[in-house]
Amino acid sequence: MLERHPTGKERFVSFDTVIRDGRWFDGTGAPSAIRNIGIRDGHIAAISPEPLDETGCDQVIDAAGKWVLPGLIDIHTHYDVEVLAAPSLSESVRHGVTTVLVGSCSLSTIHVDGEDAGNLFGRVEAIPRQYVVDTIDRFKTWSSCADYIASLEQLPLGPNVTAFIGHSDMRTAIMGLDRATRADVRPTAAEQARMEQMLDEALQAGFVGMSSQQLLFDKIDGDTCRSRTLPSTYAKPKELRRLKSKLRRSGRILQAGPDVKNPFDVLSQLAQALGIFRRPLKTSLLAAADVKSNPLAIPAMIKASRMLNKLGADFRWQHLPVPFEVYADGIDLVIFEEFGSGAEALHLREYVERDELMRDEAYRRRFRKDYANKYGPRVWHRDFFDAEIVECPDASVIGKSFGQVGIDRGGVHPVDAFLDLVLEHGTALRWHTTISNHRPEVLKKIAREPGIQMGFSDAGAHLRNMAFYNMGLRLLRHVVDAQQAGQPFLTVEQAVHRLTGELADWYRIDAGHLRVGDRADVLVVDPDHLDATLDAYAEEPFAQYGGMSRMVNRNDQTVTAVFVSGRAVFLDGRPTDILGRQRTGSFLRADTRTPAVAAQATAQGAAPGT
């Protein structure tokens with residue numbers, strides 16, 4: 001194409017990439033259209049209904065019959081450890097995610113050392129503790145948020161990264177993990193001042209806000225403080241008010257998980273978002289879900305967000321827009337932390353001790369009592385008839401529920417059938433259940449709610465329990481299926497906006513749009529392959545964590561191409577040579593236009609992994 005130089009002369013400038021004849025979505029919800037897109041120097045240089053001049057162009061993507069979208073944004077991950085060991089974050093990138101948000105649930109790695117990070121992340125997020133310790137000890141060179149950002153950008157990042165500062169991270173670093181997890185200990189005036197200074201530094205560096213956590217079934221790993229709840233749960237109102245005041249003044253975000261067993265805490269979290277005689281606190285709460293255990297919860301959440309935002313709040317729930325299906329090896333699953341007998345078993349790290357406990361009849365009575373208690377807030381429906389065994393050395397039980405196994409064994413209580421099988425087979429017993437988001441019609445209603453954000457994948461955590469890396473694609477399939485059935489609930493344009501531009505605008509980061517001048521973070525989707533492959537079960541060994549097999553998603557025909565900073569990182573379901581070897585992603589600072597990463601003539605040293 002010809003471009004006019006400041007001298008007034010015209011010169012020929014080629015595109016680095018042309019994406020030809022795809023249906024273009026700009027991320028704003030505006031009508032889509034067939035367009036040709038030219039990428040140059042990491043940015044969108046042209047969007048035209050007419051063919052672009054491809055002379056000198058290094059790469060041409062034929063997108064006829066396909067969709068061209070802004071890269072997807074994942075607003076809730078726990079990639080804080082994995083981004084250091086395997087900065088390509090390829091399991092998200094392969095599904096079109098080009099921006100991830102770390103530092104969720106009060107957990108970040110800015111200030112804690114490897115030992116404390118292992119204790120904070122290991123049990124709560126089901127990442128093997130020793131790999132957390134080893135990774136942080138190996139890679140950590142920073143002591144401030146600004147240094148952390150600089151360190152990330154020395155790695156060959158695949159996607160863009162943005163971050164919360166974790167309240168538990170700050171509290172642990174200042175008070176020490178033991179003092180930070182004692183109900184009778186408050187931070188000293190100097191410790192409180194230092195936490196506030198840490199938050200100031202994070203906001204000045206460009207972090208989107210602070211994450212905290214009040215949910216009481218998230219437990220600490222390790223020996224010294226094992227089974228205590230996260231440090232942020234011990235913070236008293238004064239500590240929280242002082243930190244939140246900084247978020248209010250800056251207009252940055254509080255991400256929090258209220259204590260669902262304490263109605264006063266939930267009401268307090270909602271009220272603080274409204275403000276009342278002060279500036280509202282921009283708030284994102286965990287999490288809106290259509291839980292089987294309480295079908296009335298989601299209507300209440302929808303009403304709460306509508307009321308708050310009508311009264312002037314800027315409030316959002318986070319929501320996983322697909323069925324929340326989880327897998328477990330034996331009793332190793334975080335849902336057991338929410339009641340006493342389950343947490344009692346998980347407190348014991350040694351399987352010999354666990355087995356001894358599970359044989360004890362007094363323990364079984366406690367477990368049966370907890371199982372039968374259907375009152376009060378809970379995540380798990382506690383129904384062993386709704387839990388299918390998928391792997392077991394005893395092939396006769398595969399495909400059955402624990403309840404059915406109990407019947408087959410002469411009327412054994414479902415709890416005893418479960419515990420007996422765990423004793424017989426340990427972690428070789430693999431089973432699954434769906435906890436929430438099981439009703440398609442309710443998912444449609446949630447997807448339309450402006451007070452609910454599409455997110456909450458938990459990517460990078462619960463590696464043996466779940467895989468929602470492709471949740472954005474699954475929402476798009478739900479939209480298409482509904483349209484084909486003559487029962488639309490969102491247009492494709494609206495769904496793309498909810499997964500891209502809406503999130504970028506709310507978190508105030510430079511992502512989520514596909515217009516001339518925007519950074520070229522691009523996803524090309526084949527709508528004909530928004531199909532059942534999106535739901536298929538898959539596992540893949542993860543070399544950086546000792547080769548452990550983790551759950552992943554594999555739907556390689558759905559995504560034709562993924563670009564970050566205008567550079568192809570996935571093509572036809574396969575990573576390109578630069579992914580994990582050259583940096584394509586950047587740290588996205590709040591309220592800042594982020595330059596695209598310049599292409600490199602030669603590869604950097606190989607990443608720790610792709």
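Residues numbered from 1 in each chain as written. Predicted model: local features only at pLDDT ≥ 70, side-chain atom pairs only at ≥ 80, totals over all residues. Heavy atoms only, no water.

**Q** Got a sec to walk through the overall build of the protein? Specific residues and values, please.
**A** The helix and strand inventory of the protein stands at 20 helices and 24 strands. The C-alpha radius of gyration of the protein comes to 24 Å, within 12% of the 25 Å expected for a compact globule of 610 residues. In terms of overall dimensions, the protein has C-alpha extents of about 85 × 60 × 50 Å along its principal axes. Counting only residues that meet the buried cut, the protein has 62% of its 610 residues in that class. Expressed as a percentage of contacts within the protein between residues at least 6 apart in sequence, the contacts between residues at least 24 apart total 74%. When the accessible surface of the protein is totalled, it reaches about 22,900 Å², and 52% of it is carbon and sulfur. On the protein, the mean spot of the 72 positive side-chain charges and the mean spot of the 80 negative ones are 7 Å from each other. (Helix = DSSP H or I, 4+ residues; strand = E, 2+ residues; numbered from the N terminus. Rg over C-alpha atoms; globule rule 2.2 N^0.38 Å. Buried < 20%, exposed > 50% of the residue type's maximum accessible area, 1.4 Å probe, protein only. Contact = heavy atoms within 4.5 Å. Areas by Shrake-Rupley, 256 points an atom, 1.4 Å probe, with all protein chains shown as cover. Lys, Arg positive; Asp, Glu negative; His and termini not counted. Charge placed at Lys NZ, Arg CZ, Asp CG, Glu CD.)

**Q** Tell me what's going on with the pairing of strand 10 (residues 160-166), and back it up with residues and numbers.
**A** Strand residues, when the strand is regular, have side chains that alternate between the two faces of the sheet. With seven of seven residues buried, strand 10 lies mostly within the body of the structure. Here strand 10 shows two buried faces, one formed by N160, T162, F164 and G166 and the other by V161, A163 and I165. In this structure, strand 9 (residues 97-102) lies alongside strand 10, joined through four bridges in parallel fashion. Note on strand 10: the bridge partner recorded for V100 is V161. Two strands pair when backbone bridges link them, and strand 10 and strand 11 (residues 209-211) are joined in this way by three bridges, in the parallel orientation. Across the sheet, I165 pairs through a bridge with M210, a residue of strand 11. (Pairing = 2+ DSSP bridges.)

**Q** Go over a negative patch on the surface, please, and point to the residues and values.
**A** Together, E350, E353, E356 and D360 make up a region of like negative charge exposed at the surface. Mapped onto the secondary structure, D360 falls in the loop between helix 13 (351-359) and helix 14 (361-372). (Patch = residues over 30% accessible without salt bridge, like charges linked within 9 Å, V, L, I, M, F, W, Y side chains within 5 Å. Salt bridge = Lys/Arg side-chain N within 4 Å of Asp/Glu carboxyl O.)

**Q** Pulling in residues and values, what's your account of the packing of helix 8 (residues 189-205) against helix 9 (residues 237-250)?
**A** Between helix 8 and helix 9, the least distance of the axes is 10 Å, while the angle of their chain directions is 25 degrees. The angle between helix 8 and helix 9 places the two elements in the roughly parallel class. You can see that helix 8 and helix 9 cross each other, and the crossing is right-handed. Contacts between helix 8 and helix 9 involve Q192, M195, E196, L199, D200 and L203 from the first element and E239, R242, L243, K246, L247 and S250 from the second. (Axes fitted to C-alpha atoms, helices over the stretch in contact; angles between N-to-C directions. Parallel < 35°, antiparallel > 145°, perpendicular 65-115°, else oblique. Left-handed = near helix turned anticlockwise from the far one by under 90°.)

**Q** Can you lay out the side chain of Q255 for me, pointing to particular residues and giving the numbers?
**A** For Q255, the location among the structural elements is in strand 12 (residues 253-256). Within the local environment of Q255, its side chain forms a polar contact with the backbone nitrogen of C105, the two atoms lying 2.8 Å apart. With residues up to four places along the chain from it excluded, the contact list for Q255 reads I75, H76, S104, C105, F164, M210, S211, S212, S284, L286 and Q318. (Polar contact = N/O pair within 3.5 Å; in protein donor to acceptor, adjacent residues only side chain to side chain.)

**Q** Any chance you could break down the UniProt feature "domain: Amidohydrolase" (unreviewed entry) in the protein for me, citing the residues and the numbers?
**A** UniProt tags residues 59-212 as "domain: Amidohydrolase" (unreviewed entry). Along residues 59-212 the backbone is 42% helical and 18% strand, and the end-to-end C-alpha distance reaches 45 Å. (UniProt positions renumbered as here; feature names shortened; annotations may be inferred.)

**Q** Before we move on, could you go through the environment of A362 and cite the residues and values that matter?
**A** Among the secondary structure elements, A362 is positioned in helix 14. On the basis of relative accessible area, A362 is assigned to the partly exposed category, the value being 27%. With 164 residues separating them in the primary sequence, A362 and D526 have C-alpha atoms 56 Å apart.

**Q** Break down the domain arrangement of the protein for me, citing the residues and quoting the values.
**A** One frequent convention defines the size of an interface as the accessible area lost when the parts assemble. Domain annotation for the protein reports domain 1 (70-323 + 437-575) and domain 2 (332-431). Placing the centre of domain 1 and that of domain 2 at their C-alpha centroids yields a distance of 30 Å. Across the boundary between the two partners, domain 1 contributes 20 residues, which contact 17 residues of domain 2. Area buried by domain 1 at its contact with domain 2 is led by F217, R226 and S293, which between them contribute 35% of it. The shortest N-O distance in the salt bridge between K219 and E337 comes to 3.8 Å. Tallied by class, residues from the side of domain 1 that touches domain 2 come to six nonpolar, five polar and nine charged. (Domains from an automatic or database assignment. Buried area = accessible area lost by both parts, 1.4 Å probe. Nonpolar A, V, L, I, M, F, W, Y, C, P; charged D, E, K, R; others polar.)

**Q** Got a sec to walk through unusual backbone geometry? Specific residues and values, please.
**A** Note on backbone geometry: most residues besides glycine have negative phi, and most peptide bonds are trans. The omega torsion across L286 and A287 is -15 degrees, close enough to zero to call that bond cis. Relative to the helices and strands, A287 resides in the loop between strand 13 (283-285) and helix 11 (297-310).

**Q** Describe the pattern of salt bridges, and please don't skip the residues or the numbers.
**A** On inspection of all chains with the given rule, the structure shows 47 salt bridges. Across the pair D535 and R474 runs a salt bridge whose closest N-O atoms are separated by 3.1 Å. Highlighted residues: D535 in the loop between strand 19 (522-525) and strand 20 (538-542) and R474 in helix 18 (residues 471-484), separated in sequence by 61 residues. Relative accessible area serves as the criterion here: at 14%, R474 is assigned to the buried category. Several salt bridges share partner residues, and in doing so they unite D510, R515, D518, R519, D521 and R593 into one network.

**Q** Requested: an account of the packing of aromatic side chains, with residues and values cited.
**A** Scanning the model with the defined rule gives 28 aromatic pairs in all. With a centroid separation of 5.2 Å and an interplanar angle of 90 degrees, the aromatic rings of F315 and W317 are classed as edge-to-face. According to the relative accessible area criterion, F315 is buried, its value standing at 0%. Ring geometry for W380 and F384: centres 5.3 Å apart, planes at 65 degrees, overall edge-to-face. Assigned by exposure class, W380 and F384 land together as buried. By the ring-pair criterion, three or more aromatic residues cluster together here, those being F336, F339, Y363, F367, Y371, W380, F384, F402, F418 and W431. Between the NZ or CZ atom of K282 and the centre of the ring of W506, over which it lies, the distance is 4.8 Å. (Phe/Tyr/Trp six-rings, centres within 6.5 Å; stacked < 30°, edge-to-face > 60°. Lys NZ or Arg CZ within 6 Å of the ring centre and 35° of its normal.)

**Q** Describe the nonpolar core, listing the residues and the values that go with them.
**A** Counting residues in hydrophobic clusters, the biggest one holds 111 residues, and the most contacted among them are W67, L152, I165 and F207. Residues A387, F418, W431 and M471 belong to the second largest nonpolar core, which totals 42 residues. (Core = buried A, V, L, I, M, F, W, Y, C linked by side-chain atoms within 4.5 Å.)

**Q** For the packing of helix 17 (residues 440-447) against helix 18, give the residues involved together with the corresponding values.
**A** Contact pair helix 17 / helix 18: the axes reach a minimum separation of 12 Å and the direction vectors enclose 110 degrees. Between helix 17 and helix 18, the interaxial angle falls into the category roughly perpendicular. Touching P440, L443, K444 and A447 of helix 17 are L475, H478 and A482, all from helix 18. Looking at side-chain class alone, the contact of helix 17 with helix 18 contains five nonpolar, one polar and one charged residues.

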